[in-house]
Amino acid sequence: MKAMILAAGLGKRMRPLTDTCPKPLLPVAGKPLIVHHLERLAAAGIVDVVINISYRADQIIEALGDGAAHGVNIAWSREDSPLETGGGIHKALPLLGEAPFLLINGDVWCAPDLTRLPMLKDDLAHLWLVDNPDHHPEGDFHLDGAGRVQASGTPRLTFAGLSLIDPALLADTPPGAFALAPLLRDAMTAGRVAGHHHRGPWVDVGTPERLAALDTRLRAMAE
C-alpha cells in the first residue's frame, strides 16, 4: 500500500512560524512534524510515500530528499499553487496508482496502529474519527453502530485527518483546486464510507500554541 501526506498548504494559522519555515518542517520533539509521519509509516512497512508540496516546496525537498534517511521512498507532487485536498490528490493520482492508499493530513499528530489497516471492500473511504477537541466541539460526522460514517446525525465525532481512500472516489473530477469533503459526503449518502473511533493520542497541530503543547508533551514522554 502507498501513502500520501498532504503538505502543500500555506500554513496561515501557524504564522509567524511559517513565514520562513513550511509547516511540515516545524520541529516537534526534536524533529520535523512530517518526519513523525514518515517514521511511523516506515515502521508499519508502508514505504512508498507521495507528498504534495507547493509553499516553500524546495525547502521541503531539500530537507527530506528521497526519503531514504527515514526508511521510505518519496515521490513528490508539486503544485504551482495549493490545489486544496481534492485537487492535490487528483494531481497525484498517477503517482498513487489504482489501489486504495492511506491519506494523512500533514498537520496532525497521532499514533495509530498502521500495521492492521481496514479493508475498503465496496467502500470508497474509511475514516479515522476522534473525540471532538475543544477548538472543534461540533464535530464533523456521525459514526453509527455498524461502523458507517454519515454526514448527519448525532453524536458527532471529528475527522482525524487520516483515511483510506479508493482512487475511484475522485474518478469523475476534473483537474484544478477543489475540496475533498463534498466527495466524501456524496459517498456517505451512497452508503460507501466506513470508519472507526480512534481513541489513541491525536493532536490537530493547527496553531503555534498547540504545536508548543505537543512539543512539551512528547518531550515529557521521552524522559
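Report follows, based on the coordinates. (Residues numbered from 1 in each chain as written. Predicted model: local features only at pLDDT ≥ 70, side-chain atom pairs only at ≥ 80, totals over all residues. Heavy atoms only, no water.)

## Quick look at the overall build of the protein chain
For step 1, the next point in the chain: If you tally the helices and strands in the protein chain, you get five helices and 13 strands.
For step 2, the next point in the chain: Taking 2.2 N^0.38 as the reference for a compact globule, 223 residues should give roughly 17 Å; the C-alpha atoms of the protein chain span a radius of gyration of 17 Å, in line with that estimate.
For step 3, the next point in the chain: With the C-alpha coordinates of the protein chain rotated into their principal frame, the extents come out at 45 × 35 × 30 Å.
For step 4, the next point in the chain: Across the 223 residues that make up the protein chain, the buried fraction comes to 48%.
For step 5, the next point in the chain: Contacts spanning at least 24 positions in sequence make up 74% of the contacts within the protein chain whose residues lie at least 6 apart. (Helix = DSSP H or I, 4+ residues; strand = E, 2+ residues; numbered from the N terminus. Rg over C-alpha atoms; globule rule 2.2 N^0.38 Å. Buried < 20%, exposed > 50% of the residue type's maximum accessible area, 1.4 Å probe, protein only. Contact = heavy atoms within 4.5 Å.)

## Examining the pairing of strand S8 (residues 125-130)
Regular strands place their side chains on alternate faces of the sheet.
For step 1, the next point in the chain: In terms of burial, S8 is largely enclosed, as six of its six residues are buried.
For step 2, the next point in the chain: Of the two faces of S8, the one carrying Ala125, Leu127 and Leu129 and the one carrying His126, Trp128 and Val130 are both buried.
For step 3, the next point in the chain: The sheet contact formed by S8 and strand S11 (residues 158-165) spans five bridges and is antiparallel. Bridging across to S11, alanine 125 finds its partner in isoleucine 165.
For step 4, the next point in the chain: In this sheet, strand S12 (residues 193-197) lies alongside S8 in parallel orientation, the contact comprising five bridges. Its bridge partner lying in S12, leucine 129 is registered against histidine 197. (Pairing = 2+ DSSP bridges.)

## With respect to the sheet that holds S11
For step 1, the next point in the chain: Ordered by their spatial adjacency, seven strands build an open sheet running S5-S4-S1-S6-S11-S8-S12, and the pairing between neighbours is mixed. The open sheet has two free edges, formed respectively by strand S5 (73-78) and S12, since each of these has just one partner strand. Averaged over all pairs of adjacent strands, the angle between strand axes in this sheet comes to 25°, irrespective of strand direction.
For step 2, the next point in the chain: As paired elements, strand S6 (residues 101-105) and S11 share four bridges and run antiparallel to each other. The residue of S11 that forms the bridge with isoleucine 104 is leucine 162. (Axes fitted to C-alpha atoms, helices over the stretch in contact; angles between N-to-C directions.)

## Observations regarding the environment of aspartate 134
For step 1, the next point in the chain: You can see aspartate 134 is positioned in the loop between S8 and strand S9 (142-143).
For step 2, the next point in the chain: Residue classification places aspartate 134 among the exposed residues on the basis of a relative accessible area of 80%.
For step 3, the next point in the chain: For the pair aspartate 134 and proline 24, spaced 110 residues apart in sequence, the C-alpha to C-alpha distance is 23 Å.

## Some points on helix H4 (residues 181-189)
For step 1, the next point in the chain: All of the buried residues along H4 are Leu183, Leu184, Ala187 and Met188. Projected down its long axis, H4 carries its buried residues within an arc of 140°, all on one side. In H4, the exposed residues that point more than 90 degrees away from the buried face are Asp186 and Thr189.
For step 2, the next point in the chain: Contacts made by the buried residues of H4 are with S8, strand S10 (149-150), S11 and S12. (Arc of directions from axis to C-beta.)

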